[in-house]
Amino acid sequence: MTRTTELTADVAEILLSEEQLRTRIAELGAQVTADYAGRQPTLVSVLKGSLPFMADLMRSIELPLRIDLMEVSSYGGATTESSGLVRILKDLSASIEDEDVLIVEDIIDTGLTLNYLLRYLRGKKPRSLRICTLLDKPARRLVEIPVDYTGFTIPDQFVVGYGLDYGELYRNLRFVGVLRPEVYASSE
Ligand code: 5GP
């Protein structure tokens, strides 16, 4: 499997097209621009899934801003479930004390990862801390998360594309789609 056309064939349904993503992210950028007027926010993105969203969102925010990147991984083997035990693989590279921090996430599912991250970042004493997620799957939420900006609320389906992976693949698809069940079946 070497071509993205073959990866696309593994997708049963396109949930969000490239155009839908572009339009909504422009709206989010405009909203953030208005809300943070006169400020200089720091966007903290959580690798690797948020990479395309971060790249597009930051370019639709018309303010001076900084970015920083964190990488976290959940303990536990399952590839489609979150365990809630989070390990920091890459920490912030600069202090966020007294900064207006906006967390840029790909998807909130159980909320366990972000719950951990919120506590961790609050401890670094930012002036403000808000959350912007591209996708929200509220059906499986285990902890309450105060989400400030949501791109799309989606049903309880495992999605790939536009940064989101299955077995580290599919991140480079330009849309968000639902994988064919056979793809899981053949690798589990
Ligand atoms: P949570 O801790 O909220 O359950 O899960 C957050 C992380 O689980 C996300 O950042 C993402 O890495 C992964 N995740 C949750 N739902 C999905 C999904 O539908 N597709 C993919 N590819 N990853 C998901």
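Above this note sits the structure.
The structure displayed is predicted, hence computed values, not measured ones. (Residues numbered from 1 in each chain as written. Predicted model: local features only at pLDDT ≥ 70, side-chain atom pairs only at ≥ 80, totals over all residues. Heavy atoms only, no water.)

Participant: Got a minute to help me understand the overall build of the chain in this structure?
Facilitator: Counting its secondary structure elements, the chain contains 5 helices and 9 strands. Here the chain has a C-alpha radius of gyration of 16 Å; the compact-globule value for 188 residues is 16 Å, and the two agree. Overall size of the chain, expressed as C-alpha extent along the three principal axes, is 50 × 35 × 30 Å. The buried share among the 188 residues of the chain stands at 45%. A separation of at least 24 residues holds for 67% of the contacts in the chain among residues at least 6 apart in sequence. Within the structure as shown, the chain displays about 9,600 Å² of accessible surface, and the carbon and sulfur contribution to it stands at 50%. (Helix = DSSP H or I, 4+ residues; strand = E, 2+ residues; numbered from the N terminus. Rg over C-alpha atoms; globule rule 2.2 N^0.38 Å. Buried < 20%, exposed > 50% of the residue type's maximum accessible area, 1.4 Å probe, protein only. Contact = heavy atoms within 4.5 Å. Areas by Shrake-Rupley, 256 points an atom, 1.4 Å probe, with all protein chains shown as cover.)

Participant: I keep staring at the site of the ligand and nothing clicks. Help me out?
Facilitator: If you check the shell around the ligand, you find 16 residues, and the closest are Thr-110, Gly-111, Thr-113, Val-159 and Asp-165. Asp-109 is positioned with one of its backbone polar atoms (N or O) 2.9 Å from an oxygen atom of the ligand. For the ligand, an oxygen atom lies 2.8 Å from a polar atom in the backbone of Gly-111. Relative to its unbound accessible area of 510 Å², the ligand is 86% covered by the protein chains. Of all elements in the fold, only strand S5 (100-108) and helix H4 (112-122) reach the threshold of two or more residues within the shell around the ligand. If you tally residues by element for the shell around the ligand, the top one is S5, at 4 residues. Residue classes in the shell around the ligand are distributed as 6 nonpolar, 5 polar and 5 charged. (Near = heavy atom within 4 Å. Polar contact = N/O pair within 3.5 Å; in protein donor to acceptor, adjacent residues only side chain to side chain. Nonpolar A, V, L, I, M, F, W, Y, C, P; charged D, E, K, R; others polar.)

Participant: Please explain the packing of helix H2 (residues 18-35) against helix H3 (residues 51-59) as it appears in this structure.
Facilitator: Geometry of a packed helix pair, given as the angle between the helix axes and the separation of the axes. Packing of H2 against H3 leaves a shortest axis separation of 8 Å and a crossing angle of 55°. In terms of orientation, H2 and H3 fall into the oblique class. Taken as a pair, H2 and H3 cross one another with a handedness that is right-handed. Contacts from Ile-25, Leu-28 and Gly-29 of H2 reach H3 at Phe-53, Asp-56 and Leu-57. (Axes fitted to C-alpha atoms, helices over the stretch in contact; angles between N-to-C directions. Parallel < 35°, antiparallel > 145°, perpendicular 65-115°, else oblique. Left-handed = near helix turned anticlockwise from the far one by under 90°.)

Participant: Before we go on, may I ask you to explain the layout of surface pockets in this structure?
Facilitator: A water-sized probe, rolled over the atoms, reveals where empty space remains. Approximately 250 Å³ is the volume attributed to the second largest pocket. Considering every element that reaches the lining of the second largest pocket, the biggest residue donor is H2, with 5 residues. (1 Å grid on protein atoms, 1.4 Å probe; cavity = no way out; pocket = protein on both sides within 12 Å on 5 of 7 lines; lining within 4 Å. Points joined across faces, edges and corners; volume = space filled by probe spheres on them.)

Participant: I would appreciate a short explanation of unusual backbone geometry in the present structure.
Facilitator: It is generally the case that most residues other than glycine have a negative phi and that most peptide bonds are trans. Each neighbour pair has its own omega, and for Leu-47 with Lys-48 the value is -5°, a cis peptide bond. Here Lys-48 lies in the loop between strand S2 (42-47) and H3. One non-glycine residue, Glu-168, adopts positive backbone phi at about 70°. For Glu-168, the position within the fold is in the loop between strand S8 (159-160) and strand S9 (176-179).

Participant: Got a minute to help me understand the sheet that holds strand S7 (residues 149-153) in this structure?
Facilitator: The strands making up a sheet are joined through hydrogen bonds of the backbone, oriented either antiparallel or parallel. An order of S4-S3-S2-S5-S6-S7 is seen for the 6 strands of this open sheet, with the pairing classed as mixed. Only two strands of the sheet have a single partner each, and these edge strands are strand S4 (86-90) and S7. Within the sheet, the average angular offset between the axes of one strand and its neighbour, ignoring direction, is 25°. The strands touched by H3 within the sheet are S2, strand S3 (66-74), S5 and strand S6 (128-136), with S2 carrying the most contacts at an inclination of about 160°. (Pairing = 2+ DSSP bridges.)

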